[in-house]
Amino acid sequence: MKLINFCLGTCVLVCQPIAAEPLDVWPELAPAEMTRSLGEHLPLNPREQPPVTRIVKVTRPTLDYFPVEGDNGPAVLILPGGGFIKIVPDKEGSEAATWLNRLGMTAFVLRYRTEDRPDRPAWIKALQDAQRSLALIRARADSWQLDPDRIGLLGFSAGGQVAARLVSDRGNLAYSRVDAIDDVSHRPDFCLLIYPWKIYDSAQDRLVAGVTVDGNTPPTFLAHTHDDGSSSLGAVSFYVGLKRHRIPAELHVYGNGGHGYGLRPVPGSQISSWPDHAGHWLKTGGYLTDAAAIERP
């Protein structure tokens, strides 16, 4: 186990499991790639405690696997943030996996490809990797002792935008079929969007192109803050669509807390309570196993 410190005036030790060896998302090169690089780590910011990992120039996407014991259990694919030019696999990845493991859910953190070219959508590679990863998890559900009908998606910030685009794609792949895994559905059975980044078009007063809500959108939990520069109107608009289509959903907009907090506390804000609300929503929605209805110690 790895110990990380969360400071709430005093330090509290939180045990974070170390993931197994990362799993490749693609059998060879990812779409349109010429290299297979796990990326480069940016220098840590000494003012951030616990330290926050930031990785750039990723061309070989991988999955960090955080299993739990038990048969036929639920699983969640986690999409970290990073503005598409980098990924944050701990603060918005492994720390969320720890929380999900305590709920009895297997977790996978996707280290998706980053993009720094202005001539194509910044989100396209991440969306391709997310679609492929979700289908891969469902295709291998038996070997991982997972329930293929309880595979969820959790996205933070830019990862939240990707998650919103994925549940809006109506099953259409953003890449050409590679193998039989791509014949498996990549639609999640439930979704959590945590401060989804730039899904609101302020000029048009609506969700951005490529993000829509229809009768096939899965049940969704949303959390945002009123003072987030990436407007909470995106989360609110998404929720309105869910409500109109009578899809189970829950929305929390906190008065303050900013952006990019993951599961960590923010001084003067109650934003770190969102996992408690999300855990209750997952429980009442039937996404947890009976034995894991109460969070594990």
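Note that the structure is a prediction, hence the values are computed from the model and not measured.

**Student:** Help me get a handle on empty space enclosed by the protein, residues and values and all.
**Tutor:** This structure, assessed with the given rule, holds one cavity of 30 Å³ or more. Counted as a void, the largest cavity has a volume near 30 Å³. Its residues placed into classes, the lining of the largest cavity shows five nonpolar, one polar and four charged.

**Student:** Outline the nonpolar core, listing residues and values.
**Tutor:** Core analysis: the largest hydrophobic core is formed by 47 residues, its most contacted members being Leu77, Leu79, Phe108, Leu110, Leu153 and Phe238. Looking at this core, the elements that each hand over two or more residues are strand S6 (62–66), strand S7 (73–79), strand S9 (106–111), helix H2 (124–139), strand S10 (146–156), helix H3 (158–166), strand S11 (190–194) and helix H4 (233–244). No other element matches the seven residues that H2 contributes to this core. Ranked by size, the runner-up nonpolar core spans 29 residues in total, among them Ala107, Val109, Ala223 and Trp281.

**Student:** How would you sum up H3? Please name residues and give values.
**Tutor:** Across the nine residues that make up H3, a large majority, nine, are buried. Taken together, the buried positions of H3 are Ala158, Gly159, Gly160, Gln161, Val162, Ala163, Ala164, Arg165 and Leu166. Where the residues of H3 are buried, they touch S7, H2, S10, S11 and H4.

**Student:** Lay out the side chain of Glu33 in plain terms, naming residues and giving numbers.
**Tutor:** For Glu33, the position within the fold is in the loop between strand S3 (23–24) and strand S4 (40–41). On the basis of relative accessible area, Glu33 is assigned to the buried category, the value being 9%. At 3.1 Å, the side chain of Glu33 and the side chain of Arg113 are in polar contact. Setting aside its immediate chain neighbours within four residues, Glu33 contacts Thr59, Arg113 and Lys125.

**Student:** So what's going on with the pattern of salt bridges? Residues and values would help.
**Tutor:** This model, assessed by the stated rule, comprises 16 salt bridges. Glu33 serves as the salt-bridge partner of Arg113, at 3.1 Å between the closest nitrogen and oxygen. A residue pair is termed long-range when its members are at least 10 positions apart, and Arg113 in the loop between S9 and H2 and Glu33 in the loop between S3 and S4 qualify at 80 residues. For Arg113, a relative accessible area of 1% gives the class buried. The shortest N-O distance in the salt bridge between Arg138 and Asp189 comes to 3.0 Å. One end of the pair, Arg138, is in helix H2; the other, Asp189, is in the loop between H3 and S11, and 51 residues separate them in sequence. The network of salt bridges with shared partners includes Glu33, Arg113, Glu115, Lys125 and Asp129.

**Student:** Requested: an account of the pairing of strand S15 (residues 249–254), with residues and values cited.
**Tutor:** As judged from the six bridges shared by strand S14 (residues 220–225) and S15, these two strands associate in the parallel manner. Note that in S15 the partner of Thr225 across the bridge is Tyr254. Each parallel crossover has a hand, and for S14 linked through H4 to S15 it is right-handed.

**Student:** Explain helix H1 (residues 90–102) to me, using residue names and the numbers behind them.
**Tutor:** Of all 13 residues in H1, twelve are buried; the element is thus mostly enclosed. Among the residues making up H1, those that are buried are Asp90, Lys91, Glu92, Gly93, Ser94, Glu95, Ala96, Ala97, Thr98, Trp99, Leu100 and Asn101. Just downstream of H1 lies Gly104, where phi reads positive at about 85 degrees.

**Student:** Tell me about the side chain of Ser168, residues and numbers included.
**Tutor:** Position of Ser168 among the secondary structure elements: in the loop between H3 and S11. The class for Ser168 is buried, based on a relative accessible area of 10%. Leaving out residues up to four positions away in the same chain, Ser168 has contacts with Gly210, Val211 and Thr212.

**Student:** Please provide a residue-by-residue account of the sheet that holds S4, values included.
**Tutor:** Backbone hydrogen bonds hold the strands of a sheet together, and the pairing may be parallel or antiparallel. Pairing is antiparallel across the open sheet formed by three strands, whose spatial order is S4-S5-S8. Only two strands of the sheet have a single partner each, and these edge strands are S4 and strand S8 (86–87). As paired strands, strand S5 (residues 55–56) and S8 are joined by two bridges and run antiparallel to one another. Across the sheet, Ile55 pairs through a bridge with Ile87, a residue of S8.

**Student:** Before we move on, could you go through the confidence of the model for the protein and cite the residues and values that matter?
**Tutor:** Per-residue confidence for the protein gives a mean pLDDT of 90, with 90% of residues at or over 70. Low pLDDT (under 50) marks residues 293–297, which in the prediction has eleven contacts with non-local residues, meaning those over four places away or in another chain.

**Student:** I'd like a description of the packing of aromatic side chains, backed by residues and values.
**Tutor:** The geometry of two aromatic rings is summed up by the distance between their centres and the angle between their planes. Enumeration according to the criterion identifies twelve aromatic pairs in this entry. For the pair Trp26 and Tyr175, a centre-to-centre distance of 4.8 Å together with 85 degrees between the ring planes defines the contact as edge-to-face. With a gap of 149 residues between them, Trp26 in the loop between S3 and S4 and Tyr175 in the loop between H3 and S11 connect regions that are remote in the sequence. Here Trp26 and Tyr175 have matching classes, each one buried. Three or more aromatic residues joined by ring pairs form one cluster here, namely Trp99, Phe156, Tyr195, Tyr261 and Trp274. One Lys or Arg, Arg165, reaches over the ring of Trp123 and ends 4.0 Å from the middle of that ring.

About the cut-offs
Residues numbered from 1 in each chain as written. Predicted model: local features only at pLDDT ≥ 70, side-chain atom pairs only at ≥ 80, totals over all residues. Heavy atoms only, no water. 1 Å grid on protein atoms, 1.4 Å probe; cavity = no way out; pocket = protein on both sides within 12 Å on 5 of 7 lines; lining within 4 Å. Points joined across faces, edges and corners; volume = space filled by probe spheres on them. Nonpolar A, V, L, I, M, F, W, Y, C, P; charged D, E, K, R; others polar. Core = buried A, V, L, I, M, F, W, Y, C linked by side-chain atoms within 4.5 Å. Buried < 20%, exposed > 50% of the residue type's maximum accessible area, 1.4 Å probe, protein only. Helix = DSSP H or I, 4+ residues; strand = E, 2+ residues; numbered from the N terminus. Contact = heavy atoms within 4.5 Å. Polar contact = N/O pair within 3.5 Å; in protein donor to acceptor, adjacent residues only side chain to side chain. Salt bridge = Lys/Arg side-chain N within 4 Å of Asp/Glu carboxyl O. Pairing = 2+ DSSP bridges. Right-handed = clockwise from strand over helix to strand, strands pointing away. pLDDT = per-residue confidence, 0-100. Phe/Tyr/Trp six-rings, centres within 6.5 Å; stacked < 30°, edge-to-face > 60°. Lys NZ or Arg CZ within 6 Å of the ring centre and 35° of its normal.

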